[in-house]
Amino acid sequence: ILNVEQSPQSLHVQEGDSTNFTCSFPSSNFYALHWYRWETAKSPEALFVMTLNGDEKKKGRISATLNTKEGYSYLYIKGSQPEDSATYLCASYSGGGADGLTFGKGTHLIIQP
Amino acid sequence: KAGVTQTPRYLIKTRGQQVTLSCSPISGHRSVSWYQQTPGQGLQFLFEYFSETQRNKGNFPGRFSGRQFSNSRSEMNVSTLELGDSALYLCASSLGNLNEQFFGPGTRLTVL
């Protein structure tokens, strides 16, 4: 059984500060790691799909890193803005991609003006 | 291009009934996945269809079933509804496992 864990569960950050949070996943049989942002009353929106150990991806002020050997990924947000308030989900494919996408419960981020 | 659409958006059923939810993927996407979200739980994977074949299945009872048509539209069926089936059901389409998933708006199912 694949468990994807995210921490912290929730986070309050002052506007302008930078922040980061963690996704951990079983490293055996790893296939791909996804990050999504889910804003209230909207659908989850993809941020990154990462496959290679050491991968680093960036989209604007948001970036992510991947360590497949130890089974973790970090998501970083630089200079947080109110529009960054959302739940950030990571999800892992394992079993060579044969087991479906398993999501963590998310990190709920609130940016305080 | 048009996004993923799901119908209906809201549904109220009673215990014991069955329900069918529909998902139309983005044009060109052959993979459609279904997820259940309940309070306190993350998104839980139900199943994935690719080119009309079920490719993966999550840990849900046999009351949950699905299918995919030749135009990649997918339906999910839940028979003998239970109170615990009340949830937000999301579908997502993609080009494949290594590609991002595009989510629909979801169907909010309430079982009374």
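Look up: the structure comes first, before these words.
The rules we used
Residues numbered from 1 in each chain as written. Chains lettered and ligands numbered in written order. Predicted model: local features only at pLDDT ≥ 70, side-chain atom pairs only at ≥ 80, totals over all residues. Heavy atoms only, no water. Phe/Tyr/Trp six-rings, centres within 6.5 Å; stacked < 30°, edge-to-face > 60°. Helix = DSSP H or I, 4+ residues; strand = E, 2+ residues; numbered from the N terminus. Disulfide = S-S within 2.5 Å. Buried < 20%, exposed > 50% of the residue type's maximum accessible area, 1.4 Å probe, protein only. Pairing = 2+ DSSP bridges.

Thoughts on the packing of aromatic side chains
Going through the model one piece at a time under the given rule, you end up with 14 aromatic pairs over all chains. Measuring from ring centre to ring centre gives 6.3 Å for A:Y31 and A:Y93, while their planes differ by 90°; the resulting arrangement is edge-to-face. With A:Y31 in strand β4 (residues 30-38) and A:Y93 in strand β9 (residues 86-94), this pair connects stretches of sequence that are 62 residues apart. A connected cluster of aromatic rings, assembled from ring pairs, spans A:Y36, A:F103, B:Y35, B:F45 and B:F103.

Some points on the state of the cysteines
All names here are of chain A. For the structure on display, the rule yields 2 disulfides over all chains. The disulfide that involves C23 links it to C90, with 2.0 Å between the sulfurs. Given an S-S torsion of about 80°, the disulfide between C23 and C90 has right-handed geometry. You can see C23 sitting in strand β3 (residues 19-24) and its partner C90 sitting in strand β9, a full 67 residues away along the chain. Neither C23 nor C90 differs from the other in exposure class; each is buried.

Points about the pairing of strand β5 (residues 45-50) of chain A
Residue and element names in this part refer to chain A. Summarising burial for β5: 5 of the 6 residues are buried, a large majority. When β4 meets β5, the two strands line up antiparallel, connected through 5 bridges. Across the sheet, the residue bridging to Y36 is A46, located in β5.

Let's talk about unusual backbone geometry
Here A:S7 and A:P8 are connected by a cis peptide whose omega angle stands at -5°. Structurally, A:P8 is set in the loop between β1 (5-7) and β2 (10-14). The backbone phi angle of A:A41 is positive, close to 70°, even though this residue is not glycine. In this structure, A:A41 sits in the loop between β4 and β5. Its identity as a non-glycine residue notwithstanding, B:S72 has a phi of 75°, on the positive side. Of note, B:S72 is situated in the loop between β7 (64-68) and β8 (74-78).

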